[in-house]
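# Commentary on secondary and tertiary structure
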Amino acid sequence: MKEQTEVGKLKEGRYVVVDDEPCKIQSISISKPGKHGAAKARLDVVGLFDGQKRSVVSPTSSTVYAPIVERKTGQILTIAGNVVTFMDMKDFNNFELVVDEDIVATFQPAQEVPYIESLGKRKLDL
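Remember, it's a predicted structure, so these values are computed and weren't measured experimentally. (Residues numbered from 1 in each chain as written. Predicted model: local features only at pLDDT ≥ 70, side-chain atom pairs only at ≥ 80, totals over all residues. Heavy atoms only, no water.)

### Description of the UniProt feature "domain: Translation initiation factor 5A C-terminal" (unreviewed entry) in the chain
UniProt records the feature "domain: Translation initiation factor 5A C-terminal" (unreviewed entry) at residues 68-124, using the numbering of this structure. Annotated as residues 68-124, this span is 7% helix and 58% strand, and its ends, taken at the C-alpha atoms, are 16 Å apart. (UniProt positions renumbered as here; feature names shortened; annotations may be inferred. Helix = DSSP H or I, 4+ residues; strand = E, 2+ residues; numbered from the N terminus.)

### Some thoughts on the sheet that holds strand β8 (residues 83-88)
An order of β9-β8-β7-β10-β11 is seen for the five strands of this open sheet, with the pairing classed as antiparallel. Each having just a single partner strand, β9 (94-98) and β11 (121-124) make up the two edges of the open sheet. Going from strand to strand, the sheet's axes swing by 45° on average, the running direction of each strand aside. As defined by bridge partners, strand β10 (residues 112-118) adjoins β11 across four bridges and the pair is classed as antiparallel. If you follow E117 over to β11, its bridge partner there is R122. (Pairing = 2+ DSSP bridges. Axes fitted to C-alpha atoms, helices over the stretch in contact; angles between N-to-C directions.)

### Some words on the nonpolar core
I76, V84, F86, F95, L97, V99, V104, F107, V113, Y115 and L124 together form the largest nonpolar core, which totals eleven residues. Counting only elements with at least two residues in this core, the list comes to β8, β9 and β10. If near-sequence neighbours (up to four positions away) are discounted, V84 is found in contact with I76, T78, I79, F95, E96, L97, V99, V104 and F107. With ten residues, the next largest nonpolar core counts V16, I25, L43 and V64 among its residues. (Core = buried A, V, L, I, M, F, W, Y, C linked by side-chain atoms within 4.5 Å. Buried < 20%, exposed > 50% of the residue type's maximum accessible area, 1.4 Å probe, protein only. Contact = heavy atoms within 4.5 Å.)

Laid out in structure tokens, this is it:
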């Protein structure tokens, strides 16, 4: 799920969709309007799920998509190597995530773990 917003209304720490990836805004710099056009905003963002840094330049009056980022809690059902099966605590849906082995070592079945969900992707919120 995502919603439209103007570039000029975005703030640092908020989220924006860049290249179909939800990203967190690290910094915003806005140039003044000049002789040849409107004010421009430069957004420096980091991908929420892939960790990739990106830069976007666009007019402050243009619209972009802001993803809806949900913080949820999941209960660990099974652990098989580095694949962990979780159950969402609100709607009881099951899903699997591949987790680093050093983090898996700290997990135990029936433990509740926070995670982030946005645009159909999930990631642990540790």
